[in-house]
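Coordinate analysis (summary)
In case you want the letters, here they are:
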Amino acid sequence: MTLGLINANPVVHAKKERVARNEDLHCDDAVDPLEIYDILNLILFFFSDIRDPEHPYSLEQLSVLSEESITVDDKLGRILITFTPTIQHCSMATIIGLCLRVKLQECFPPHYKVDIKVFPGSHADEEAVNKQLNDKERVAAALENPNLRQLVDECLYSNEL
């Protein structure tokens, strides 16, 4: 059996330049709209170098993730990430979602409730992907699988971009 690319010719966009601010996200004070904007930019900064599991491009370059796809509600302590796979039958959608979840767990305090979903109508198996990405037991089990964990780590920590 020959393994081939699922999306052999993805559309690649330019990466935006971002500067990370060094602020404490663990404070308990109320957050104003400018601080929410800063949190949003910080999330985008952390995500800007996550590599696609199939291509040597970032999720941002493939328009899988954008500023519009991240919602922060600091009053409720919620972050919603909605990503768009490059094709409807993307078999890597759960890997992409796992990468986003692991990166957020590493970079943000645990008091934030994180929901990760595929953009409505962008994936043929949208409901199943969303269910898997937001079920703690399924996420934990997936990350215990050494092959999946290695793939996630390669996407997060690869210097191929």
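So, here is what we can say about the structure in this document.

Parameters and conventions
Every chain begins its residue count from 1, and numbering advances along the sequence as written. Local features in a predicted model are, by the rule used here, given only for residues with pLDDT of at least 70; side-chain atom pairs are given and counted only at 80 or more, and totals for whole chains, interfaces and linings are based on all residues. Water and hydrogen atoms play no part in the side-chain values, which are based on all heavy atoms of the structure. Starting at the N terminus, helices and strands are each numbered in turn, a helix being any DSSP run of H or I of at least four residues and a strand any DSSP run of E of at least two. Between Lys or Arg on one side and Asp or Glu on the other, a salt bridge is scored when a side-chain nitrogen of the former is within 4 Å of a carboxyl oxygen of the latter. In this scheme, a residue with accessible area under 20% of its type's maximum is buried, one over 50% is exposed, and one in between is partly exposed, where area comes from a 1.4 Å probe on protein chains only. What a helix should span is 1.5 Å times the count of its residues minus one. In this context, the arc is that of the directions from the helix axis out to the C-beta atoms. Polar contacts, as used here, are pairs of N or O atoms within 3.5 Å; protein pairs need one atom able to donate a hydrogen and one able to accept it. Residues neighboring in sequence count only if both atoms are side-chain atoms.

What about unusual backbone geometry?
One non-glycine residue, Ser63, lies in positive phi territory at about 55 degrees. Summarising the element assignment, Ser63 is placed in the loop between α1 (33-47) and β1 (70-73).

Thoughts on the pattern of salt bridges
Applying the stated rule across the entire model yields 4 salt bridges. A salt bridge links Asp115 to Lys113; the shortest N-O distance between them is 2.8 Å. By relative accessible area, Lys113 is classed as partly exposed at 39%. Of the charged contacts, one joins Asp135 and Arg138 as a salt bridge, the two residues approaching to 3.9 Å between their closest N and O atoms. Residue classification places Asp135 among the partly exposed positions, given a relative accessible area of 22%. Look at the salt bridges and you will find they share partners, linking Arg78, Lys113 and Asp115 into a network.

What to know about helix α5 (residues 146-157)
The end-to-end C-alpha distance of α5 is 16 Å, a good match for the 16 Å that 12 residues give at a rise of 1.5 Å each. Here α5 has its buried residues at Val152, Cys155 and Leu156. Buried positions in α5, seen along its axis, are confined to an arc of 95 degrees and lie on one side of it. Away from its buried face, by an angle of more than 90 degrees, α5 presents the exposed residues Pro146 and Asn147. Where α5 begins, the side chain of Asn145 points an oxygen toward the backbone nitrogen of Asn147, at a separation of 2.8 Å.

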